[in-house]
Amino acid sequence: MSNVVSTAARPATSEMVRRLPEYLMIWVPLLLSAAHLISFSIWTIWISFTPSTLIPVSGWVGLRNYNAVLASRNWQIAFDNLLLFGIAFVLLSLITGLALAILLDQRIRGENVLRTIFLYPLAVSFVVTGTVWSWLLNPGIGIEKLIHDLGWSSFHFDWLVNRDMAIWTIVIAAIWQSSGFAMALFLAGLRSVDTDIIRAAQIDGAGPIRTYVRVILPTLWPITITVVVVQLQFAISAFDLVRALTNGGPGIATQLPALVVYDLMFQRSQLGRGAAAAVLMLLILLAVLLPYAAWRYVQRRQATHA
Amino acid sequence: MPITTTRRRLLAGSAAALALPAFARAQGAVKPRLTAISQWSAGSDGAAITALGKKFEEKGGVWQHSPVPGFTTEMMNKLRAQIIAGDPPACSQLKGPEIAAWSKIAPTVDLDAVVAAAGYEKVVAPDLAKLHKPGGKWIALPLQIYSTNMLFLSKRAMDKAKADKPPVTWADFNDLAEKMKAAGVTFPVANGGTRADDGQKFEASLAGISPTAYRAAAMNLDKKALEGPEMKAAFVQMRKITNWMDPNVGAQPYAINLKRFVDGDMGMLIMGGWAQGVLKNAGFKLDDFVIAPGPSDNGNPVFLLNADAFIFWQRKEPDLQAGQALMAQLVMDPAIQTMYSQITGSIPVRTDVDLSGEGWSDGQRRTAAALKDAVANNQAVLSLAHNMAQENGLTAAMIDVFTEYAKNKTIKPEEAVTRLAEAVEGSR
């Protein structure tokens, strides 16, 4: 009797011991980072309801901080800019990334070199990107001056100091930085399309364009959604790039929410309002991530049912 | 040497410490030590505070200065972190209304005894003294004074415009700018694109038009004054100034344009007196430019006060307390103030320092004279753009309006007045 019990228990225990490193590896960091993230988020939410200014203090002011942030010009400009920047940046980086991937997919020579070149900007920090582009785009020393020196003196490219166009300089720099990322994902997707399907399309008489549009691209849409979500969360939290490129200027024309948060917390010493702006940013982020999570959930449900 | 403290000795020590007045105790046998933080890390500012540290060491002290380069706010972030951690520096840079605001979050040192012993109060401008004794007690000491609305004139641009006198009123200023423009000076106003830079253009305009309106609107935030006719006039004058500036500066500081200014490609620079130190440090000669008080429509100089100061944070360690006492004495010392101002280009806080000697420039003498005149005519006011008039939050909200107005020429002066009033209302 006892024999039976021990033989039954032994594999279970040894299994536990054997898998212990795995559990430790996964759960300890996961719980630590989750606790970290959640505790600081809760703390920030709490601060956003307190009258904190120079240092955190307790107290309750209700929605006063939120109302003040939402009523400020800085936040309104930042929110409009975020909409414009988010949409333009995501769409344009998708298009450039996909175009680059399709061009690279033509079994061309030197693909590895080109792929590295296109991916390389991703390895550069946003501060560096911002600084370099701020020189390139400065009308006094950059591209405009170069073209003038080449003889085309009526050439005009002053977006960086033009308050209506300055937000587009951020779009340009951000696309330069991250369309390589979209390209890499799309390229992987293109390469994983079943060659049999492509052959079948060819046998049916589809030309290369038609093959792409009707056969290959529709298989890429899960990757497209991943790219959109990753790029959007970058767009929402964009800080270092803007700080180095325009620092919210000219004037306050290129404010973005993350800049407003930093400005309120660390420049204006209004911790409560800064926290409120940070919570608003979190809400914007959730507006993107929750539908994505729901979509993933539905997908998985359908997969298991099928 | 290992330090061993028995309980009895500690008790005896604290009893003795309690029995003595704070600063007599501090000057006892311990070697004075000072932990200090400031933003002054490089250039003439860095040189000046290093020289101050040398003097501190000559007096037998241990000087532990940790500079935090960048804007004042970055220094404040370090200060905030240290205060929250319960380990404030013995002494830190802080100025204007921030002294009162920060003194509420951590205990400060009562300096009344040392200030009285030095007879210091008699030689400090009263408006300035008030900022450093928020609860009626001295807790901070001003170190040096700048005017933020000094007018620097490029000699070469003046020659081009055939002008030989600095402008007195805004009308003179506008005339001279037109003349310079006509004579081929590309940008009659030399500028940077930072927020403070734009703020200075406004405060110089308003204070020059009416120091009374400035006091009411910028310092006291009087609602009626904020919507008054002088405000609109100031925005009109500021628009004229911005039209003469180089729009391509982006967010860069004024200092990048100093060469063009000296060369006569740019004409006039409205800047704090510190620009003299920067110009000198950059290798330009004092006769490349003229320094005059900023334009004032009533003819008497208006002085927009900016004063750097040290605040002293309470510490229990006897060596730090001794260090604070020594530092306070040094900062009030006329010889030290002379040394400091001669390096940075500021003027001393003490009104009894003689600036006729060698080592002082004409610009500094003129600044000191302007301060004396302005105090006599009640025209010495606190700078808004450099955080002397209001706390950071309010200042930043107001500068938002100025910087947008400087860069967006479709905003009309009357709109700017409304926006400014709203910004003040919104951050109160």
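On a predicted model such as this, the values are computed, not experimentally measured, just so you know.

Which residues make up the overall build of chain A, and what values do they have?
The secondary structure content of chain A amounts to 13 helices and 0 strands. Moving toward the C terminus, one meets the helices and strands of chain A in the order α-α-α-α-α-α-α-α-α-α-α-α-α. For chain A, whose C-alpha radius of gyration is 26 Å, the value lies well above the compact-globule estimate of 19 Å for 306 residues. By its C-alpha atoms, chain A is 95 × 70 × 30 Å across when sized along the principal axes. Burial statistics for chain A: of 306 residues in total, 32% are counted as buried. Partitioning the intrachain contacts of chain A with sequence separation of at least 6 by distance along the chain shows that 69% fall at a separation of at least 24.

How would you summarise the overall build of chain B if you had to cite specific residues and measurements?
Along its length, chain B carries 20 helices and 11 strands. Scaling as 2.2 N^0.38, a compact globule of 428 residues should have a C-alpha radius of gyration of about 22 Å, and chain B matches this with 23 Å. Its C-alpha atoms give chain B principal-axis dimensions of roughly 80 × 50 × 40 Å. Every one of the 428 residues in chain B was classed for burial, and the buried ones make up 52%. Sequence-distant contacts, at least 24 apart, represent 80% of the contacts inside chain B between residues at least 6 apart.

Break down the nonpolar core for me, citing the residues and quoting the values.
Among the nonpolar cores identified, the biggest contains 133 residues, and Phe152(B), Leu305(B), Ile311(B) and Phe312(B) are the most heavily contacted of them. Shared between two domains, this core holds at least three residues of each, these being domain 1 (21-143 + 307-348) and domain 2 (150-305 + 359-427) of chain B. When neighbours within four sequence positions are excluded, Phe152(B) is seen to be in contact with Met268(B), Leu269(B), Met271(B), Ala275(B), Phe289(B) and Ile291(B). Ranked by size, the runner-up nonpolar core spans 46 residues in total, among them Ile77(A), Leu82(A), Leu271(A) and Ala276(A).

Account for the interface of chain A and chain B, with residues named and values stated.
Of the residues lining the interface, 24 residues belong to chain A; the matching set on chain B comes to 23 residues. Among the elements of the structure, helix H2 (64-71), helix H3 (73-104) and helix H12 (257-267) of chain A are those that each provide at least two residues to the side of chain A that touches chain B. When its residues are assigned to classes, the side of chain A that touches chain B shows 10 nonpolar, 11 polar and 3 charged.

Help me get a handle on the sheet that holds strand E7 (residues 266-271) of chain B, residues and values and all.
Residues and elements named next belong to chain B. The strand order across the open sheet built from 4 strands is E6-E7-E5-E8, with neighbouring strands paired in mixed fashion. Only two strands of the sheet have a single neighbouring strand rather than two, namely strand E6 (187-190) and strand E8 (289-293). For this sheet the average axis-to-axis angle between neighbouring strands, irrespective of direction, equals 20°. Of the strand pairs in this sheet, E6 and E7 are connected by 3 bridges, and their pairing is parallel. Of the residues in E7, the one forming a bridge with alanine 190 is leucine 269.

Which residues make up the environment of Asp112(B), and what values do they have?
Residues and elements named next belong to chain B. By the element assignment, aspartate 112 lies in helix H6 (residues 112-118). According to the C-beta neighbour criterion, aspartate 112 is partly exposed, with 14 such atoms within 10 Å. Expressed as a C-alpha distance, the spacing of aspartate 112 and lysine 133, which sit 21 residues apart in the sequence, is 9.1 Å. If near-sequence neighbours (up to four positions away) are discounted, aspartate 112 is found in contact with Lys137 and Trp138.

So what's going on with the pairing of strand E9 (residues 303-312) of chain B? Which residues, and what values?
A regular strand places its side chains so that they alternate between the two faces of the sheet. All names here are of chain B. In terms of residue burial, E9 counts as a mostly covered element, since 10 of its 10 residues are buried. Here E9 shows a buried face lined by Phe303, Leu305, Ala307, Ala309 and Ile311 and a second buried face lined by Leu304, Asn306, Asp308, Phe310 and Phe312. In this sheet, E9 lies alongside strand E3 (residues 91-93) in antiparallel orientation, the contact comprising 3 bridges. Along E9, the bridge assignment pairs glutamine 93 with phenylalanine 310. Pairing between strand E4 (residues 140-147) and E9: 7 bridges, direction antiparallel. Counted as the bridge partner of isoleucine 145 is alanine 307 from E9.

Residue-level account of the domain arrangement of chain B, with values.
Residue and element names in this part refer to chain B. Taken domain by domain, chain B holds domain 1 (21-143 + 307-348) and domain 2 (150-305 + 359-427). Using only C-alpha atoms to locate each centre, domain 1 and domain 2 end up separated by 29 Å. Counting residues at the interface gives 16 residues for domain 1 and 22 residues for domain 2. Taken together, the elements giving at least two residues each to the side of domain 1 that touches domain 2 come down to helix H3 (43-58), helix H5 (98-103), helix H7 (126-132) and helix H17 (334-344).

I'd love a proper account of the environment of Leu286(A), names of residues and values included.
Tracing the chain through its elements places Leu286(A) in helix H13 (residues 271-305). Once the C-alpha coordinates of Leu286(A) and Gln233(A) are considered, the two residues, 53 residues apart in sequence, prove to be 9.5 Å apart.

Tell me about the packing of helix H10 (residues 195-209) of chain B against helix H11 (residues 211-219) of chain B, and please be specific about residues and values.
Residues and elements named next belong to chain B. It is the contact of H10 with H11, at a shortest axis distance of 5 Å, that shows an interaxial angle of 130°. When the interaxial angle is binned, H10 and H11 end up oblique. Facing Glu203, Leu206 and Ala207 of H10, the residues of H11 in contact are Pro211, Ala213, Tyr214 and Ala218. For the contact of H10 with H11, the per-class residue count stands at 6 nonpolar, no polar and 1 charged.

Please provide a residue-by-residue account of the confidence of the model for chain B, values included.
In this model, chain B carries an average pLDDT of 89, and 93% of its residues clear a pLDDT of 70 or more. Ignoring residues within four places in sequence, the model shows residues 1-26 of chain B, a span with pLDDT below 50, making 13 contacts including any to other chains.

Scoring rules and cut-offs
- Residues numbered from 1 in each chain as written.
- Chains lettered and ligands numbered in written order.
- Predicted model: local features only at pLDDT ≥ 70, side-chain atom pairs only at ≥ 80, totals over all residues.
- Helix = DSSP H or I, 4+ residues; strand = E, 2+ residues; numbered from the N terminus.
- Rg over C-alpha atoms; globule rule 2.2 N^0.38 Å.
- Buried ≥ 20, exposed ≤ 12 C-beta atoms within 10 Å, placed from the backbone.
- Contact = placed C-beta atoms within 7 Å.
- Core = buried A, V, L, I, M, F, W, Y, C linked by C-beta atoms within 7 Å.
- Domains from an automatic or database assignment.
- Nonpolar A, V, L, I, M, F, W, Y, C, P; charged D, E, K, R; others polar.
- Pairing = 2+ DSSP bridges.
- Axes fitted to C-alpha atoms, helices over the stretch in contact; angles between N-to-C directions.
- Parallel < 35°, antiparallel > 145°, perpendicular 65-115°, else oblique.
- pLDDT = per-residue confidence, 0-100.

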